[in-house]
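# Reading the structure
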Amino acid sequence: MATSAVHNQTVDSIPLGEINVANPYLFQNDTVGEYFSRLRREDPVHYCAESRFGPYWSVTKFNDIMAVDTNHKVFSSEAKLGGISVQDMHSDESALELEMFIAMDQPKHDQQRKAVSPVVAPSNLLLLEPVIRERAGAILDALPIGEEIDWVKLVSVELTTMTLATIFDFPWEERAKLTRWSDVTTASPETGIVESFEQRREELIQCAMYFKGLWDQRIDQPGGNDLISMMAHSPATRDMPFLEFLGNLLLLIVGGNDTTRNSISGGVLALNQNPGEYQKLRNNPALVSSMIPEIIRWQTPLTHMRRTALEDVKIGGKQIRTGDKVVMWYLSGNRDDTVIDRAEEFIIDRQNPRHHLSFGFGIHRCMGNRLAELQLRIIWEEILKRYSFVEVVGEPERLLSNLVRGITRLPVKLHAH
Amino acid sequence: MIKVTFVSADGTRRTVEIDEGLSAREAALFNSVPGIDGDCGGVCACATCHVHVDLAWMDRVGPPEEGGMESDLIQFAEGTTETSRLACQISMVPELDGLVLHLPELQH
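Residues numbered from 1 in each chain as written. Chains lettered and ligands numbered in written order. Predicted model: local features only at pLDDT ≥ 70, side-chain atom pairs only at ≥ 80, totals over all residues.

## Examining the overall build of chain A
Summing up its helical and strand segments, chain A has 15 helices and 12 strands in all. Referenced to the eigenvectors of the C-alpha coordinate spread, the extents of chain A come out at roughly 60 × 55 × 40 Å. Considering only contacts within chain A whose residues lie at least 6 apart along the sequence, 73% involve residues at least 24 apart. (Helix = DSSP H or I, 4+ residues; strand = E, 2+ residues; numbered from the N terminus. Contact = placed C-beta atoms within 7 Å.)

## Quick notes on the overall build of chain B
Per the secondary structure count, chain B includes 3 helices and 5 strands. Counting from the amino terminus, chain B carries its helices and strands in the arrangement β-β-α-β-α-α-β-β. Taken over C-alpha atoms, the radius of gyration comes to 12 Å for chain B, in line with the 13 Å a tight globule of 108 residues would show. Expressed as lengths along the three principal axes of its C-alpha atoms, the size of chain B is roughly 30 × 25 × 25 Å. (Rg over C-alpha atoms; globule rule 2.2 N^0.38 Å.)

## Quick look at the sheet that holds strand β4 (residues 84-86) of chain B
Two orientations exist for strands paired in a sheet by backbone hydrogen bonds: parallel and antiparallel. Residue and element names in this part refer to chain B. Strand order in the open sheet formed by 5 strands is β2-β1-β5-β3-β4, with mixed pairing between adjacent strands. Among the strands making up the open sheet, the edge pair consists of β2 (13-18) and β4. With direction set aside, neighbouring strand axes in the sheet form an average angle of 40 degrees. Pairing between strand β1 (residues 2-7) and β2: 6 bridges, direction antiparallel. (Pairing = 2+ DSSP bridges. Axes fitted to C-alpha atoms, helices over the stretch in contact; angles between N-to-C directions.)

## Let's talk about the packing of helix α7 (residues 151-168) of chain A against helix α11 (residues 242-273) of chain A
Residues and elements named next belong to chain A. Between α7 and α11, whose axes approach to 9 Å, the crossing angle comes to 145 degrees. Handedness of the crossing formed by α7 with α11: right-handed. Counted together, Trp151, Val152, Val155, Ser156, Val157, Leu159, Thr160, Thr161, Thr163, Leu164 and Ile167 of α7 and Ile253, Gly256, Asn257, Thr260, Arg261, Ile264, Ser265 and Val268 of α11 form the full contact between these two elements. In the contact of α7 with α11, the residues fall into 10 nonpolar, 8 polar and 1 charged. (Left-handed = near helix turned anticlockwise from the far one by under 90°. Nonpolar A, V, L, I, M, F, W, Y, C, P; charged D, E, K, R; others polar.)

## Observations concerning the interface of chain B and chain A
Of the residues lining the interface, 16 residues belong to chain B; the matching set on chain A comes to 16 residues. A class-by-class count of the residues in the side of chain B that touches chain A yields 8 nonpolar, 3 polar and 5 charged.

## Observations concerning α7 of chain A
All names here are of chain A. For α7, spanning 18 residues, the distance from its first C-alpha to its last is 25 Å, which sits close to the expected 26 Å at 1.5 Å a residue. If you look at α7, its biggest bend is around 30 degrees, right at glutamate 158. Burial runs high along α7: 15 of the 18 residues are buried. In the segment just after α7, aspartate 169 is the residue with positive phi, at about 50 degrees. (Expected span 1.5 Å × (residues − 1). Bend = angle between axes of the 7 residues up to and from the residue. Buried ≥ 20, exposed ≤ 12 C-beta atoms within 10 Å, placed from the backbone.)

## Thoughts on helix α5 (residues 108-116) of chain A
Residue and element names in this part refer to chain A. His109, Gln112, Ala115 and Val116 are the residues of α5 that are buried. The arc enclosing the buried residues of α5, seen along the axis, measures out at 135 degrees, which places them on a common side. Of the surrounding secondary structure, the elements contacted by the buried residues of α5 are α10 (227-233) and α11. (Arc of directions from axis to C-beta.)

## Concerning the packing of helix α8 (residues 176-185) of chain A against α11 of chain A
All names here are of chain A. Interhelical geometry of α8 versus α11 gives an angle of 100 degrees and a closest axis separation of 9 Å. The orientation of α8 with respect to α11, classified from their angle, is roughly perpendicular. Residues Leu178, Thr179, Trp181, Ser182 and Thr185 of α8 form the contact with α11, whose participating residues are Leu250, Ile253, Val254, Asn257 and Asp258. Taken together, the residues of the contact of α8 with α11 sort by class into 5 nonpolar, 4 polar and 1 charged. (Parallel < 35°, antiparallel > 145°, perpendicular 65-115°, else oblique.)

## Some words on the nonpolar core
Core analysis: the biggest nonpolar cluster contains 147 residues, and Val59, Leu227 and Leu250 of chain A together with Val4, Ala24, Ala87 and Leu101 of chain B have the highest contact counts within it. Here this core gets 12 residues from one element, more than from any other, and that element is α11 of chain A. (Core = buried A, V, L, I, M, F, W, Y, C linked by C-beta atoms within 7 Å.)

## Some points on the sheet that holds strand β9 (residues 387-392) of chain A
Residues and elements named next belong to chain A. Strand order in the open sheet formed by 3 strands is β4-β12-β9, and the pairing between neighbours is antiparallel. Edge positions in the open sheet fall to β4 (149-150) and β9, since each of these has one partner strand only. Relative to strand β12 (residues 411-416), β9 runs antiparallel, the two sharing 5 bridges. Within the sheet, the bridge partner assigned to tyrosine 387 lies in β12 and is alanine 416. The sheet strands contacting α11 are β9 and β12, and the helix crosses β9 at an angle near 90 degrees.

## Focus: the pairing of β12 of chain A
Two elements, β4 of chain A and β12 of chain A, share 2 bridges in a ladder whose sense is antiparallel. When the bridges of β12 of chain A are listed, isoleucine 149 of chain A appears paired with valine 412 of chain A.

## Structural notes on the confidence of the model for chain A
Put simply, chain A has an average pLDDT of 92, and 96% of its residues get 70 or more. Here residues 1-5 of chain A scores under 50 on pLDDT; set against residues more than four positions off or in separate chains, the count is 0 contacts. (pLDDT = per-residue confidence, 0-100.)

## With respect to the environment of threonine 260 of chain A
All names here are of chain A. Structurally, the position occupied by threonine 260 is in helix α11. Note on threonine 260: 26 C-beta atoms within 10 Å, which makes it buried. Non-local contacts of threonine 260, meaning those with residues more than four positions away in its chain, are made with Thr160, Ala372, Gln375 and Leu376.

## What about the environment of glycine 79 of chain B?
Residue placement: glycine 79 of chain B occurs in the loop between α3 (69-74) and β4. Each C-alpha atom of the pair glycine 79 of chain B and methionine 92 of chain B lies 24 Å from the other, and the pair is 13 residues apart in sequence.

## With respect to unusual backbone geometry
Cis rather than trans, the peptide bond between glutamine 106 of chain A and proline 107 of chain A has omega equal to 5 degrees. Mapped onto the elements of the fold, proline 107 of chain A is located in the loop between β3 (75-76) and α5. If you check the backbone angles, aspartate 30 of chain A has positive phi at about 55 degrees while not being a glycine. Mapping aspartate 30 of chain A onto the fold places it in the loop between α2 (24-28) and α3 (32-42). Even without being glycine, serine 32 of chain B reaches a positive phi, approximately 55 degrees. Inspection of the secondary structure puts serine 32 of chain B in the loop between α1 (24-30) and β3 (50-53). Taking the C-beta count within 10 Å as the criterion, serine 32 of chain B has 8 such neighbours and is therefore assigned exposed.

This is the structure:
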């Protein structure tokens, strides 16, 4: 408590203008929440004039974020204007200029999204559910009871990678490649995942060549309901330029991997930090359905999305100018207690648990949201069948990133019923 | 009070009442009719209150505004038809008393 009080005092004593919530170390040491809390209180639409990402606005309250997210005609996602993260896309000379529909505006965004959306639509998910459940069960059955294991590596990464492999109909024995490509896509050299931007570029080109091979096989075989077949056959996507093809694949790999992976880990951590909630769940396993969106709110696996203003506009009383970079901090909006009751608490039986910002809102809202919920629901149903307690037995380690709110290691011990 | 009937994907019909001026989304949620998720809170920012307006009512309900937010969102919902609307954008006025809405199997 004493250290926390001292720390809070430090956050409160920083001049507002010097606060830079995009500093990735604040996410790695999980202290960024204190900064967001202060901004929501004192300066909810905050301007940071100087940072390594250039000047940017931080939008920190739920309703202001909603206002930006649903105003896609004024707030652009276009990659050439910087794209969708506080770190500009296409800013490093040696980086690949990937093109993906999440970083496009209308009308191209709409055409491409519509082409790939059916793979994660509810009717396709009904087909996937038994496969995901069987694979989730197999992952859990292979784990030792009572020994310290890394939950991230053995469960979170495995399950999301298997699901992706299922969606892509990816060669099963080579599915670890998907995990690697996902990590590499969001990596910068300082993270240690790649040594340099050149290495990142090389690996992503290998990824593209691999998928090109799968594409060439499937373009002559009609009717597949995997993602590659869908893209190869849809008029909106079949003639895509190479960097667009690669960009959209990586978008779906990262979108389906980094995010759900961290919600799977984050849920275990949250239940350990809130033993009363864990007990509620044991007493009533049907609460899984309301717990899943609460885990996704709590974790907020993508901390933010960024837009670029196409015209002068006011948000929360602040004057945003044409060309300004506007960052919607979902992680902060998800802790806004003027909209979410007891927002700083993890509560598995909330009334409206899906009323959170983790998927964003508006036309760029997460396309895989129901798949994410499905995977989490399945893994928790299978966990509850097998174990009385997934006990966290050491400190979690967190990713150095201001975009992916990642847990890189989570030591646990399993207790059987 | 205005009456609305929701027909679920399996054919089950549920008729509920709602105060004038509230939305068809609220008519479902406030009366615990399953099949409407309504994630965004009813502000036309997702598409999880997708419904198919019964053909007999389509003239009175009307299509979504062309180029507006509702059209932008509906295009990404699953199984949309010419009678697709977002229930949060259907205001329950007296002319719609007795309205029939068909629910999709699942919301995306």
